Amino acid sequence: MPNKITLKNISKVFTRDERDVQALIDINIDVKEGEFLSIVGPSGCGKSTLLNIISGLLKPTTGEILLDGELLRGINTKIGYTTQKDNLLPWRTTRQNIEIGLELREVTRSERRSQAIELINRVGLAGFEDHFPNELSGGMRKRASLARTLIYNPDVLLMDEPFSAVDAQTRLILENQLLELWSGTGNTIIFVTHDLEEAISLSDRVIVFSARPGTAKAANSIPLARPRDTIKIRFNEDFIKIYERIWKDLEEEVGKAEELKTRAELEKARKDQEKFRASFDENTGL
Amino acid sequence: MKEKSKGILKLNGQRILFGIALLLLWELISGEAAYLTINFQAFTIRIPYQIEPFWISSPSEIISRLVELTKSGQLTFHLSITIFEMIVGFVIGAALGILIGFWLGRKVTLAKIVDPYIMAVYSLPKIALAPLFILWFGIGVDMKIAIAAIIVFFLVFYNTLGGVRSVDPELVDVIRVIGANEREILRKVVLPSTYPWIFTGFKLGIPYSLIGAVVGELIATNKGMGYLLMEYSGWFDTAGVFAVLFVLMIVATILNLAVNYTEDRLMRWRHGLSS
C-alpha cells in the first residue's frame with residue numbers, strides 16, 4: 001500500500017506568556033492508504049495539536065506534510081476532522097447539520113436529503129433527523145458529528161478522542177459502529193485517544209506518544225484479524241499480550257506527564273503568589 | 001400535559017378575579033372625600049376611605065372616557081401616529097444597529113479605536129437629545145422617530161456586537177475544514193450564532209421604542225398618545241389621563257406577548273434536553 005500521509009520532521013512551538021513551549025518535536029510518521037492508525041499518549045502530549053496541524057488549521061513550526069505524495073498547504077477537504085467536542089451547529093437539525101458538507105459543495109437539495117437520510121439510518125439516528133443538537137444525547141451527537149464528516153467522503157479521517165465524553169457502554173457500541181462504517185471504504189483514519197484498549201481494539205497500528213514535547217516513541221502493529229468485535233476482542237489472549245507490551249511504554253510517559261503537570265501547576269501557583277505580593281506592595285506603597 | 005393546562009387555566013382564573021377585585025376596590029374608594037374619625041383621648045385620627053375622583057378617577061369614568069375616545073375616532077388617530085413613530089423608529093434603529101454591530105464586530109482594531117466614543121454617546125441620556133432633534137427635525141413625527149431610533153440603535157448595536165464577538169471559534173474551524181470559504185462561514189456560522197443576541201436586542205428595543213415615541217410627544221407635539229396625555233393633564237381631566245395610560249399599557253403588553261411568542265417559535269433550538 002502506498003503512503004497516504006507522510007509527516008516529516010514536524011515540530012510545534014507555542015509562545016505563552018512570552019515563554020516558548022515545545023509541544024511537538026521531530027515527528028516522522030507514514031500513514032498507509034486504508035490504514036487505521038491510533039495515537040495514544042498522556043494528556044497534554046500534543047496529540048490534538050498534531051491533528052490540528054494535519055487538518056491545516058494550525059501551521060507547524062517546522063516540517064511538512066505530504067498527502068498522496070504532494071505537499072499539503074492549508075486546509076484540504078480530502079481530510080475530514082471529527083473534533084473532541086461534537087461542534088454541531090446548534091440552530092440546525094440533525095439532518096441539516098449532516099447535510100452541510102454537501103451544501104457547501106452545492107449538491108442539489110433532494111440529493112443532499114437522500115444522502116443524509118441514508119447516513120442517518122446507517123449511524124442509527126433514524127427518528128431524530130429533525131431534532132436539534134440540544135435535543136440529542138451525547139452519543140447521538142457523536143454519531144451526528146461523525147455522519148457530518150462521512151457524508152462528503154474524505155479520504156482521510158482525523159478523529160480526536162471522539163468518544164471520550166460518552167459513557168462506557170455507549171462507547172463500546174459507537175466503536176463497533178465506527179468499524180462497520182469504515183470497513184470496505186478504503187479510507188485512512190488517524191485516531192487520537194488516551195484509552196489504550198480503545199486504540200488496540202480499533203487499529204491496525206498504535207503509536208505511543210511521549211509526554212511533552214510530544215513525539216512518536218514507539219509504533220506497534222496490531223495483528224488481530226478483522227472484522228473485529230470491539231467488545232469480544234478484549235478477552236482475546238493476543239489482545240492482552242499486546243496490551244501489556246504497549247502499556248509498559250505508555251505507563252512511563254503517563255508518569256512523566258503527571259510530573260510535568262504538577263511542576264507546571266506549582267510554578268503557576270508560585271507566580272500567582274508573586275504577582276499578588278507585587279500588587280499588594282504597590283497598592284500599600286511599600 | 002393535561003394537568004399542566006388545567007393548572008394554567010386555574011391560574012388565569014385567579015388572575016382575572018384579582019383584577020376584578022382591584023377594579024371594584026378602586027371604584028368603591030373613589031368618591032367625595034370621606035374619613036373615618038377616631039377619637040382617642042386627646043388625639044384625633046382621620047383615615048380616608050374615599051378619595052376625590054380628581055386624584056384617582058374611577059374605573060367606570062375611565063371606561064366611559066375610553067368609549068368616547070373610540071367613538072369620536074380620536075383614539076385611532078392618536079394611537080396610529082404613536083405606533084407609526086414607534087415602528088419606523090424601531091426599524092431604522094434596529095437595522096443600523098445590526099449593520100454597524102456586525103461590521104464593527106468583524107473589525108477588531110477599528111472597534112477598539114472608536115469604542116470610548118460610542119460608549120460616551122451611549123452613556124448620554126437619550127432623552128437629553130430631544131432638544132437637538134427638535135432643532136434638526138422640527139416638532140413633527142420625524143423627531144419622535146429619531147428619539148425612538150437612537151434608543152433602539154444602541155440596544156441592538158451592543159447586542160449584535162456581543163454576538164459577533166462570542167461566536168465559537170471551534171464551530172468556525174469545523175466548518176472551515178468541511179470546506180467553507182469566508183463568505184460561507186459568515187453566512188452559515190457567524191450570522192446564525194448572533195441571532196439570539198440580536199433578538200435580545202429587539203426584545204429590549206421594542207418597549208423602548210414605545211417609550212421614545214411617547215416621551216418625544218410629551219416634549220413637543222400636537223398629535224399622538226403623548227400629546228393626548230398632556231392635553232388631559234392640562235384640563236385636569238384625570239379620567240382622560242388614566243384612559244390614555246391604560247391604552248399604552250395594553251399596547252406594551254401585546255408587544256411583549258408577541259415578542260415572547262416569536263422567540264419561543266424561532267429559538268426552539270435553544271431549548272432542549274440540557275435546558
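Scoring rules and cut-offs
- Residues numbered from 1 in each chain as written.
- Chains lettered and ligands numbered in written order.
- Predicted model: local features only at pLDDT ≥ 70, side-chain atom pairs only at ≥ 80, totals over all residues.
- Pairing = 2+ DSSP bridges.
- Helix = DSSP H or I, 4+ residues; strand = E, 2+ residues; numbered from the N terminus.
- Axes fitted to C-alpha atoms, helices over the stretch in contact; angles between N-to-C directions.
- Expected span 1.5 Å × (residues − 1).
- Buried ≥ 20, exposed ≤ 12 C-beta atoms within 10 Å, placed from the backbone.
- Core = buried A, V, L, I, M, F, W, Y, C linked by C-beta atoms within 7 Å.
- Contact = placed C-beta atoms within 7 Å.
- pLDDT = per-residue confidence, 0-100.
- Domains from an automatic or database assignment.
- Left-handed = near helix turned anticlockwise from the far one by under 90°.
- Nonpolar A, V, L, I, M, F, W, Y, C, P; charged D, E, K, R; others polar.

J.: I keep staring at the sheet that holds strand β9 (residues 205-209) of chain A and nothing clicks. Help me out?
T.: The strands making up a sheet associate through backbone hydrogen bonding, with each pair oriented either parallel or antiparallel. Residues and elements named next belong to chain A. On the basis of which strands lie adjacent, the open sheet formed by six strands has the order β6-β7-β8-β3-β9-β10 and mixed pairing. Looking at which strands have only one partner, the edges of the open sheet turn out to be β6 (79-82) and β10 (216-221). The sheet shows a mean angle of 15 degrees between the axes of neighbouring strands, taken without regard to direction.

J.: What am I meant to see in helix α7 (residues 141-165) of chain B here?
T.: Given 3.6 residues per helical turn, the α-helix brings residues three or four places apart onto the same face. Its 25 residues place the ends of α7(B) 36 Å apart at the C-alpha level, agreeing with the 36 Å of an ideal helix rising 1.5 Å per residue. Counted residue by residue, α7(B) has 21 buried out of 25 residues, so it is predominantly covered.

J.: What am I meant to see in the nonpolar core here?
T.: Generally speaking, a soluble globular protein has its nonpolar side chains buried in company with each other. Grouped together as the largest cluster of nonpolar side chains are 68 residues, with contacts concentrated most on A:Ile54, A:Ala147, A:Leu158 and A:Ile190. The element contributing the most residues to this core is helix α8 (residues 169-178) of chain B, with six residues. Residues in contact with A:Ile54, not counting those within four places in the same chain, are A:Ile5, A:Ile65, A:Ile79, A:Leu158 and A:Ile190. Core analysis: the next-biggest nonpolar cluster, separate from the first, contains 43 residues, B:Phe102, B:Val141, B:Phe154 and B:Phe202 among them.

J.: Looking at this model, I keep getting lost on the sheet that holds strand β4 (residues 62-67) of chain A. Mind explaining?
T.: Residue and element names in this part refer to chain A. Sheet architecture is open: four strands sit in the order β2-β1-β4-β5, paired in antiparallel fashion. With partners counted over all chains shown, the strands left at the sheet margins are β2 (19-32) and β5 (70-71), one partner each. Pairing between strand β1 (residues 3-16) and β2: 10 bridges, direction antiparallel. Its bridge partner being in β2, Thr-6 is matched across the sheet by Asp-30.

J.: What is the right way to look at the confidence of the model for chain B in this model?
T.: Atomic detail in the predicted coordinates should be set aside for any region of low pLDDT. For chain B, the average pLDDT comes to 90, and 98% of its residues sit at 70 or higher. The complex model carries a pTM of 0.76, and its ipTM stands at 0.81.

J.: Mind showing me how you'd approach the domain arrangement of chain B here?
T.: Quite often, the size of an interface is put as the accessible area lost when its parts meet. With domains assigned, chain B is organised as domain 1 (1-56) and domain 2 (60-269). Relative to domain 2 of chain B, the C-alpha centre of domain 1 of chain B lies at a distance of 35 Å.

J.: Explain the packing of helix α4 (residues 74-106) of chain B against α7(B) to me, please; I cannot follow it from the model alone.
T.: Each packed pair of helices is defined by two parameters, the angle between the axes and the distance between the axes. Residues and elements named next belong to chain B. Two elements in contact, α4 and α7, have axes separated by 6 Å at closest approach and are oriented at 35 degrees. Where α4 crosses over α7, the two elements pack in a sense that is right-handed. Split into classes, the residues belonging to the contact of α4 with α7 amount to 23 nonpolar, six polar and four charged.

J.: Would you mind going over the interface of chain B and chain A with me for this structure?
T.: At the interface, 21 residues of chain B touch 19 residues of chain A. If you list the elements that add at least two residues to the side of chain B that touches chain A, you get α8 and α9 (182-219) of chain B. In terms of residues, the side of chain B that touches chain A owes the most to one element, α8(B), which gives eight residues. Looking at the side of chain B that touches chain A, its residues break down into 10 nonpolar, five polar and six charged.

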